[in-house]
Every structure is written in structure tokens, then in C-alpha cells.
Amino acid sequence: TTECTDVPDNAYNDGAIADGAVRFLTNCHSDKPFFLAVGFKKPHLPFCAPKKYWDLYHRETMPLATYRKKAVGSPEFAYHKCGELQLYTDIPSLISFSDIENVKIPDEKARELVHGYYACISYIDAQIGKIVEALEKSGCLNNTIIVLWGDHGWHLGEHGFWGKHNLMNHATRAPLIVRVPHCKGGKAGGVVEFVDIYPTLCELCKVPVPEGQLQGKSFVPILQDSEKRIKEYAFVQWQGGYNIVSEQYSSTIWLQGDSVVARMIFDRQLDASENENKVHCPYLSRERDKLEAQIKTRKSQL
């Protein structure tokens, strides 16, 4: 699952991809607008990065997840046995399963995996830095919009998960960083979805969008004022499960046909780590019904 080798950045694919992006920006002397998409693999498994990025961290200080059990009262539909991780031969075969624990990995191996994840994050951070530096040298930095996002989150032992493929917050919440020249910036608290990126870029670049044909909504108002809001909910679907997220709540249902066979709801202001399913709490019944109605509305639009 991991590899720590003393090699240059471009010995791995992501470093070579960054070099290609730098060459493009260095050689691009046209006055015409350009669009450049750069995709990196890491920090997906396996956790392979040049040794200098591993050396930034000490294995013994790697933090382990504080809550490595299933959320209290949560259904079996919410869990899997981390099959992606178990494809690797260095993962111990004696992994225990129970009604409480999901996947239990020895602390030594867990710290190795976290260390590898951190190393990969720093490796990719450096590649992004090279591209931004090349953009600055080209003279285009202050006339270019930069959007950085990841396609999903990642569990490092939280709730016994290693990886993704679930509808918990660690898997469904992903980075989204946008740099727009002349925008003030700041950390926004509102809800946005990746389908909102396209209409946002169109508005910023003054490109018309197909009227009435987009599910996404421009979040330019948030870029101009981080206190603004453009929507109440984000929608996530994974296999037979459907999740809706507001600023305070996360609600998930699993369907068989049109029947709801399992539910979860978390009040993330009181339980940010989503450690206790509150689906049977009377004070949340009205909110649960409201969120489930939103799920069914969004599902009907798929």
C-alpha cells in the first residue's frame, strides 16, 4: 500500500504530469484565452511519494482516528469491509468484524497508512506549487482563474473505514478552492456542489450557459462575499443510498424500489464526527421528513 523511494518528483506520474503543465505554461505565448485541466492521481492508493515528502513527518506522531467504531444506531447498509484496501498484500489478513467494529487494523500499520497519506498530500501540494509558479512567471497569474478540487473525501480509520465508497461526511466532503483575481477571498460556510463549478466559470468568463438545462448554480456571489449562500442542500448518491446535506444536518436513506429500508441523520453542529445516528430522536422528526422529501425530489431529477 505504500512506497518510500529516494527519487525525483517526476519519477512518479503525478510529477511528470506537473512537468507537462509547466511546459505548457512556459511555452504558451498566445494572447488568446486558454483552458488547462491538470489531473493528479494521489492521494489515492497506493500511497507512493518521493522520500523527501515522507521525511516531512515522523511516523510515531501520526494521529490515529479517535472513533474507530460504527456510528451508534447506524444500519449495516452504511458500511463495507474496505475491499479496496484489502487488495494489497501487506494488509493483515486477520481483520476483525463485529457489530461494533468495522475494520480493525493494527496501530503500527494504521500509522504507516496515515504517514503515506500525508506524504502524498505534500507531494501533490508541491506539484500544484510548481504549476502556480509557472503561471506567475508567464505573467498570466493575475488574469487566470484557478479551481482546485478533489473528487471525494477519504477515511483514515474513522468509523473503521479506510477509503471511500460510503455516505459519511469523511467520504462525501471534498476540497474546493477557487482563486479569482480581484476577489477578496475567505473561507465560505455555505453549501456548494461540483455541478456548480461549470456555471460559475461561465459567469466569471462571461460565457453563456444553456438556459434551463443545468442542475448547477453559479457560486460567484460566494466568491465575492464568503458570507453569502446560493443553495440549502448538496446531494450525494452512492449505489442504493441517497444523502442530502445542509449546513447543519446530513440525512441518508437506502431504497429498495420505492421503499426506505434504512435511515441515518446526523446533527453536525452537535455531532460533527457523525458518531451517533439520531434517526429515532423525536426532536429531529420534522427535519428528517423535510430532508427526505428533498432527497426524493433530487432523485426524481436524475
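Quantities reported herein were computed from a predicted structural model and do not represent experimental measurements. (Residues numbered from 1 in each chain as written. Predicted model: local features only at pLDDT ≥ 70, side-chain atom pairs only at ≥ 80, totals over all residues. Heavy atoms only, no water.)

This next bit is on the overall build of the protein. Looking only at helices and strands, the protein has 8 helices and 10 strands in total. Taken over the C-alpha trace, the protein has a radius of gyration of 21 Å; the compact-globule value for 302 residues is 19 Å, and the two agree within 12%. For the protein, with 302 residues in total, the buried portion stands at 40%. Put simply, of all contacts in the protein between residues at least 6 apart along the chain, 62% involve residues at least 24 apart. As presented, the protein carries roughly 17300 Å² of accessible surface, and 52% of it is formed by carbon and sulfur atoms. (Helix = DSSP H or I, 4+ residues; strand = E, 2+ residues; numbered from the N terminus. Rg over C-alpha atoms; globule rule 2.2 N^0.38 Å. Buried < 20%, exposed > 50% of the residue type's maximum accessible area, 1.4 Å probe, protein only. Contact = heavy atoms within 4.5 Å. Areas by Shrake-Rupley, 256 points an atom, 1.4 Å probe, with all protein chains shown as cover.)

A few words on the side chain of Ser246. Structurally, the position occupied by Ser246 is in the loop between strand 8 (241-245) and strand 9 (249-256). When its relative accessible area of 11% is taken as the criterion, Ser246 is described as buried.

Helix 4 (residues 107-137) packs onto helix 1 (residues 13-27) with a crossing angle of 5 degrees between their chain directions and a minimal axis gap of 9 Å. On the basis of their axis angle, the class for helix 1 and helix 4 is roughly parallel. Along the contact surface, helix 1 presents Asp14, Gly15, Ala18, Ala21, Val22 and Leu25, while helix 4 presents Tyr123, Ile124, Gln127, Lys130, Ile131, Ala134 and Leu135. In the contact of helix 1 with helix 4, the residues fall into 9 nonpolar, 2 polar and 2 charged. (Axes fitted to C-alpha atoms, helices over the stretch in contact; angles between N-to-C directions. Parallel < 35°, antiparallel > 145°, perpendicular 65-115°, else oblique. Nonpolar A, V, L, I, M, F, W, Y, C, P; charged D, E, K, R; others polar.)

This next bit is on the state of the cysteines. Tallying each qualifying case throughout the model produces 0 disulfides. Its sulfur unpaired, Cys82 is 18 Å from the next cysteine sulfur, which belongs to Cys120. Free of any disulfide, Cys202 has its nearest neighbouring cysteine sulfur in Cys205, separated by 7.5 Å. Note on Cys202: relative accessible area 5%, which makes it buried. (Disulfide = S-S within 2.5 Å.)

Another point: unusual backbone geometry. Where the residue is not glycine, phi is negative for most of them; where a peptide bond is considered, it is trans in most cases. Between Lys42 and the following residue, Pro43, the backbone shows a cis peptide bond with an omega angle of 15 degrees. For the bond running from Leu45 to Pro46, omega is -10 degrees, close enough to zero to count as cis. Position of Pro46 among the secondary structure elements: in the loop between helix 1 and strand 2 (47-50). At His159, a position not held by glycine, the phi torsion is positive, near 60 degrees. By the secondary structure assignment, His159 is in the loop between strand 4 (155-156) and strand 5 (162-163). Its identity as a non-glycine residue notwithstanding, His165 has a phi of 55 degrees, on the positive side. Locating His165 in the fold gives a position in the loop between strand 5 and helix 5 (169-172). By relative accessible area, His165 is classed as partly exposed at 33%.

It is worth spelling out the sheet that holds strand 7 (residues 234-238) at this point. Strand order in this open sheet of 4 strands is 7-8-9-10, and the pairing throughout is antiparallel. Edge positions in the sheet fall to strand 7 and strand 10 (259-267), since each has one partner strand and no second. The mean angle between the axes of side-by-side strands here comes to 15 degrees, regardless of whether they run parallel or antiparallel. Of the pairings in the sheet, the one linking strand 8 to strand 9 comprises 5 bridges and is antiparallel in character. Of the residues in strand 9, the one forming a bridge with Gly241 is Trp254. Packing against the sheet, helix 8 (residues 285-300) makes contact with strand 7, strand 8, strand 9 and strand 10, and its axis sits at approximately 60 degrees to strand 9. (Pairing = 2+ DSSP bridges.)

The next subject is helix 1. Taking 1.5 Å of rise per residue, the 15 residues of helix 1 would be expected to cover 21 Å, and the 21 Å separating its terminal C-alpha atoms lies within 8% of that figure. Considered for burial, the residues of helix 1 that qualify are Asp14, Gly15, Ala18, Ala21 and Leu25. For helix 1, the arc enclosing every buried residue in end-on projection is 120 degrees, short of the 170-degree limit, so these residues lie on one face. Exposed side chains of helix 1 directed beyond 90 degrees from the buried face belong to Asn13, Arg23 and Asn27. (Expected span 1.5 Å × (residues − 1). Arc of directions from axis to C-beta.)

Applying the stated criterion to the full structure yields 10 aromatic pairs. Residues Phe47 and Tyr117 carry aromatic rings whose centres are separated by 5.7 Å and whose planes lie at 80 degrees to one another, so their mutual orientation is edge-to-face. With Phe47 in strand 2 and Tyr117 in helix 4, this residue pair connects regions lying 70 residues apart in the sequence. Here the two residues Phe47 and Tyr117 agree in accessibility, since each one is buried. Ring geometry for Tyr53 and Tyr123: centres 5.5 Å apart, planes at 50 degrees, overall tilted. Of this pair, Tyr53 sits in helix 2 (residues 51-54) while Tyr123 sits in helix 4; the two residues are 70 residues apart in sequence, bridging distant segments of the chain. You'll find Tyr53 and Tyr123 in the same group, each marked buried. Feature note: the residues Tyr12, Tyr53 and Tyr123 constitute an aromatic cluster, connected by ring pairs. Over the aromatic face of Tyr79 sits the side chain of Lys70, whose NZ or CZ is 5.3 Å from the ring centroid. (Phe/Tyr/Trp six-rings, centres within 6.5 Å; stacked < 30°, edge-to-face > 60°. Lys NZ or Arg CZ within 6 Å of the ring centre and 35° of its normal.)

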